[in-house]
Amino acid sequence: MADLLRLLLQVAEKAANVARVCRQEAPLFQLLVQEKTGDDKNKKFVQDFKTLADVVIQEMIRHDVGAQFPEMIGFIHGEESNKFENGLGESVAVTVCGTEEETAALLATVLDGDHTAASLLARAIHHDPATIDSDAAGLSVPLSPSELGIWIDPIDATSQYIDGREEVLEEGRLSPSGLHCALVLIGVYLRNTGEPVMGVINQPFNHKDPAVGCWRGKHFWGVSYGGISACSVSRPKQRPEDSAGEGRLSVVLSSSEKQVVKEALAPLCDPDKLMYASGAGYKILCVIQGLADVYVLSEGSTFKWDSCAPHALLRALGGGVVDLTKCLQSNTGTGSPQAELTYHRSHNESQGADRWANQGGLVAYLDCTLLHTIIGRLKGKL
């Protein structure tokens, strides 16, 4: 597992490099964007985009993991179809080839013969970044790669990535939108139970290096299996025993969340602590970092690739991500362990991306007491 974690940190940083390269030149970025249609369109957004960066990152991760752990080939899943249409209307299957030159030649067919852009992308794909220090060299988890599957979200919060608004992150404060919401998410789950056991998050646009004016990223990771838990993030300080009452919680929501949910949760929060942010992955990361106590979503507008990686980090810190509908239907107030999201089964009655939706909504939390409070507030209202 230490070898797999080390590899995932490495490929996530390669993915972040690709994301940064694709934003460096606006004309290039415009060339790379296509609108999703049909079964692959996420209903949540009026306009949702598939980028070549998405596809390249996904296939790069699939290629690199499969090369080192061939027993995982066939169990590496992603958000994106690897079919990309060029300006001539030709459909090209984007894959990572054996050499940088071969990958550049393939990408040039997607980019209508733009060999400069294709070479730039191919270089980022085939360039190995400096070794990422995970502080987990001695991590020993009794799992074999043949027991595991992977969910990839190449660039979560694609709309924020496309808009490209630059924000300066303030220590200890949630920032609702901007490039920092765009994350590379790689989650590992058990094939037989769907339990999330490892997660890697890379934030490609964490801050700008003032010396050179280039974006620098930040990575996060967590492992949780059996009695073993390890995480790059320290668990936020425990709140006082009496602090789960009125006006004490901080909750992050989607700006499009139902009004009934906002009204039910508002009394639990100070006026500035019912917060809104973009990107499902970023909102769960806010809970991981202690910038919010919980993230609540009442609709089935997130997917397995959105939640698998950050869910593993929350588990490593003693929290989790539960199905909101199952919790509301439970007599215990927080649901049984079966209410935790799992990642191995699709909804066969659904089509396209909806087969992998978190259809019951979700609550991401660190503290079970606060989860109980949230569910109590929402019972009978949804």
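Numbers given for residues are sequential positions, taken from 1 along each chain in its written order. Owing to the predicted nature of the model, reporting of local features is limited to residues with pLDDT of at least 70; listing and counting of side-chain atom pairs is limited to 80 or more, with chain, interface and lining totals taken over all residues. Heavy atoms from the whole structure form the basis of all side-chain values; hydrogens and water molecules are not counted.

A.B. asks: I tried to follow the pattern of salt bridges on my own but got confused; where do I start?
C.D. replies: Any two side chains of opposite charge can pair if their charged atoms end up close together. Throughout this description, the term salt bridge denotes a Lys or Arg side-chain nitrogen within 4 Å of a carboxyl oxygen of Asp or Glu. Scanning all chains against the criterion turns up nine salt bridges. Of the charged contacts, one joins Arg6 and Asp3 as a salt bridge, the two residues approaching to 2.4 Å between their closest N and O atoms. Taken as a pair, Arg6 and Asp3 lie in helix 1 (residues 2-24) at a separation of three residues, close to a single helical turn. Overall, the relative accessible area of 43% leaves Asp3 in the partly exposed class. Close ionic contact of Lys14 with Asp128 constitutes a salt bridge, the shortest N to O distance being 3.6 Å. You can see Lys14 sitting in helix 1 and its partner Asp128 sitting in the loop between helix 5 (115-126) and strand 6 (148-156), a full 114 residues away along the chain. By the criteria applied, helices consist of DSSP H or I runs no shorter than four residues and strands consist of E runs no shorter than two, each listed in order from the N terminus. Burial classification: accessible surface area is computed with a 1.4 Å probe over protein chains only, and a residue below 20% of its type maximum counts as buried, one above 50% as exposed, and the rest as partly exposed.

A.B. asks: I would appreciate a short explanation of the sheet that holds strand 8 (residues 196-209) in the present structure.
C.D. replies: Pairing between sheet strands relies on hydrogen bonds along the backbone, with the strands arranged either parallel or antiparallel. At least two bridges found by DSSP between two strands is the condition for calling them paired. Here six strands make up an open sheet; going across it, the order is 3-6-7-8-9-10 and the pairing mixed. The open sheet terminates on both sides in strands that have one partner only, identified here as strand 3 (76-78) and strand 10 (228-231). Neighbour-to-neighbour, the strand axes of the sheet open up by a mean angle of 15°, direction not taken into account. Pairing of strand 7 (residues 183-190) with strand 8 involves six bridges; the strand directions are antiparallel. Its bridge partner being in strand 8, Gly187 is matched across the sheet by Gly199. Under this scheme, a helix contributes an axis fitted over its contacting stretch, all axes are lines through C-alpha atoms, and angles between N-to-C directions fall in the 0 to 180 degree range.

A.B. asks: Honestly, the nonpolar core in this entry has me stumped. Any pointers?
C.D. replies: The nonpolar side chains of a soluble globular protein tend to be buried with one another. Here, the term nonpolar core denotes a set of buried Ala, Val, Leu, Ile, Met, Phe, Trp, Tyr and Cys residues that are joined through side-chain atoms within 4.5 Å. Counting 65 residues, the largest nonpolar core has Leu8, Val18, Leu52, Leu148, Ile150 and Tyr161 as its most contacted members. Apart from the residues lying within four places of it in its own chain, the contact partners of Tyr161 are Ala19, Cys22, Arg23, Phe29, Ala53, Ile155, Leu179, Ala182 and Phe205. By size, the runner-up hydrophobic cluster in this structure holds 40 residues, among which are Leu297, Leu317, Ala353 and Leu362. Contact definition: two residues touch when any of their heavy atoms are within 4.5 Å.

A.B. asks: Would you mind going over unusual backbone geometry with me for this structure?
C.D. replies: A negative phi holds for most residues other than glycine; trans holds for most peptide bonds. A positive phi angle, near 65°, is found at Ala157, a position not held by glycine. Topologically, Ala157 is positioned in the loop between strand 6 and helix 6 (158-163).

A.B. asks: Explain the packing of aromatic side chains to me, please; I cannot follow it from the model alone.
C.D. replies: What describes a pair of aromatic rings is the distance from one ring centre to the other and the angle between the planes of the rings. Any Phe, Tyr or Trp ring, taking Trp's six-membered ring, that has another such ring centre within 6.5 Å forms a pair; planes under 30 degrees apart are called stacked, those over 60 apart edge-to-face, and the others tilted. According to the stated counting rule, one finds five aromatic pairs in the structure shown. Seen from their ring centres, Trp151 and Trp356 are 4.9 Å apart, and the 65° between their planes marks the pair as edge-to-face. Pair noted here: Trp151 is in strand 6 and Trp356 is in the loop between helix 10 (324-329) and strand 15 (362-365), with a separation of 205 residues, a long-range link. Each of the two residues, Trp151 as well as Trp356, counts as buried.

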